[in-house]
Amino acid sequence: MSLISQTMESFHTRFKSHVGLRIFQAPGRVNLIGDHTDYNDGFVLPAAIDRQIVVAATARDDSLVNVYARDFDQWDHFDTHNEIERLAANSWGNYIRGIVWSLLEEGFKLRGMDAAVAGDIPIGAGLSSSAAIEVACGYAMLQLSDHGVDRKFLARAAQKAENDFVGMRCGIMDQYISCLGQRNHALLIDCRDLGYRALPMPSGVLIVIVDSGVHRGLVDMAYNQRRSECETAAAHFGVPALRDVSSKAYEELAHQLAPTVRRRSRHVITENERTVSAAKAFEADDLETVGNLMVASHVSLRDDFEVSCPELNLLVEIALGVKGVYGARLTGAGFGGAMVALVRPEAAADLTAAISERYGPATGRQAPAYVCHPSEGVSEIIL
Ligand code: GLA
């Protein structure tokens, strides 16, 4: 049964009726290059993936929100007319409460909603299932309340939910690509002005995502700390964000920075340059160059930003030993999560074989691989 049918079935079972039922979806994401640049006002190059959160929902006449999460077999209930309280840290309900809170803060009048939610984005794998749930539920709430949806606005509202309700000081990338992703394209996003350029996927290449199986807790704390270090560095350079520091300015002033902050800023400054160069190479079908930039990005995330882990380093090493792999790197926040590789179609099977042969025995973990097809952003599914 498809994810959509399963979600609809969950709705029918839990709410008994399905009059006025509408279906919405929002995708997870993979970032090809440009990590820890978004909250420095820099550039990122993600694609929305063909793994989603699906919401089957009806509007209510009162202000209650009742959500059943099929994947956890759990409920959440709250009232938009009362102050929306936070649940315990890491509760899935906080993402839904957060986006509703954020939309209410923006002054939207929202109807209540009955909803069943389900997804096939692996949780904790760094593929942004949390952004997808915020975006899908925000979109559903707006549509069910007869509001038009401005996708960039929704992305910002979902980021605010994550920053100010959930407490993760993330940038805009995940929510943005979940809102504005395009089928068969990656987007080069300028995280300062929120403009983007859609880059068609070159033919003859696959995006392969490999989940390291390392899903660490306390990522939020380490992430927020990296963000503060970047802010310290920007203040030192006397600019609003590290986006404004050129390599030349960095070379001149870096010696004045404390070693950790120096390495963090070197990552961000060079990663911005790599991302812009990778986008150009991608447009020119120069996948060798894109691959080399991805590898350099991994090294920088590993050594300067210090967000990799032995398992991700091993996955990248295995991938780079396979003929037909253009490049590979950790994708997203790091501290575990997934690797992304750009691969010739005929090499995909060799890559998965090499991983099963070496990764399991070395780490005692499974590393599931997915071939991912860039997909469209949030939408209503009309059956
Ligand atoms: C997480 C955050 C994003 C971004 C990446 C790292 O996915 O949610 O905003 O900062 O990490 O690039």
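Just above, that's the structure.
Right, let's walk through the structure included here. Along each chain, numbering runs from 1 in the same order as the chain's sequence is written. At least 70 in pLDDT is required for a residue's local features to be given in this predicted model, at least 80 for side-chain atom pairs to be given and counted, and no such filter applies to totals for whole chains, interfaces and linings, which use all residues. Calculation of side-chain values draws on the structure's entire complement of heavy atoms; hydrogens and water are dropped beforehand.

## Section: the site of the ligand
Proximity is defined per residue: any heavy atom of the residue falling within 4 Å of a molecule or strand makes that residue near it. In the vicinity of the ligand, the contacting residues are Arg29, Asp35, His36, Asp38, Tyr39, Cys170, Gly171, Met173, Asp174, Tyr223, Gly332 and Ala333. Polar contacts, as counted here, are pairs of nitrogen or oxygen atoms within 3.5 Å of one another; within protein the pair requires one atom able to donate a hydrogen and one able to accept it, and residues that are adjacent in sequence qualify only if both atoms are side-chain atoms. Asp174 is positioned such that a nitrogen or oxygen atom in its side chain is 2.7 Å from an oxygen atom of the ligand. Side-chain polar atom of Tyr223 to an oxygen atom of the ligand: 2.6 Å apart, as the coordinates give it. Each residue receives one of three labels: charged for Asp, Glu, Lys and Arg, nonpolar for Ala, Val, Leu, Ile, Met, Phe, Trp, Tyr, Cys and Pro, and polar for the others, Gly being one of them. In terms of residue class, the shell around the ligand is built from five nonpolar, three polar and four charged.

## Details of the packing of aromatic side chains
Aromatic ring pairs are defined here through the distance separating the ring centres and the angle between the ring planes. The criterion for an aromatic pair is that two Phe, Tyr or Trp rings (for Trp, the six-membered ring) have centres within 6.5 Å, with stacked assigned to planes under 30 degrees apart, edge-to-face to planes over 60 apart and tilted to the rest. Under the defined criterion, the tally for this structure stands at nine aromatic pairs. The interplanar angle of 80 degrees and the centroid separation of 5.3 Å between the aromatic rings of Phe15 and Trp75 together place this pair among those described as edge-to-face. Taken together, the residues span a long stretch of sequence, with Phe15 in helix α1 (residues 3-15) and Trp75 in strand β5 (residues 74-79) at a distance of 60 residues. Phe15 sits in the buried class, given a relative accessible area of 17%. Two limits define a charge over a ring: the Lys NZ or Arg CZ must be within 6 Å of the ring centre, and within 35 degrees of the ring normal. Across the ring face of Tyr68, the terminal group of Arg14 is positioned such that the distance to the ring centre comes to 4.3 Å. Positioned over the ring face of Phe165 is Arg86, at 4.6 Å from the centre of the ring. Put simply, DSSP H or I for four residues or longer makes a helix, DSSP E for two residues or longer makes a strand, and each gets a number counted from the N terminus. Burial classes follow relative accessibility: with a 1.4 Å probe on protein chains only, a residue under 20% of its type's maximum area counts as buried, one over 50% as exposed, and anything between as partly exposed.

## Quick notes on the sheet that holds strand β4 (residues 64-69)
What the six strands build is an open sheet, ordered β5-β4-β6-β3-β1-β13; its pairing is mixed. If you trace the sheet from one side to the other, it starts and ends with β5 and β13 (379-381), each paired once. Taken over all neighbouring pairs, the strand axes of this sheet differ in orientation by 25 degrees on average, direction set aside. By this definition, two strands are paired if DSSP reports at least two bridges between them. Pairing geometry for β4 and strand β6 (residues 113-119), over five bridges, is parallel. Across the sheet, residue Ala69 finds its bridge partner in β6, namely Val117. Between two residues, a contact is recorded if the distance between any of their heavy atoms is within 4.5 Å. Helix axes use the C-alpha atoms of the stretch in contact, all axes being lines fitted to C-alpha atoms, and the angles between their N-to-C directions lie in the range 0 to 180 degrees. Relative to the sheet, α1 contacts β1 (22-31), β3 (46-59), β4, β5, β6 and β13, its axis offset from that of β6 by approximately 140 degrees. Against the sheet, helix α5 (residues 173-180) touches β1 and β3, its axis set at about 130 degrees to β1.

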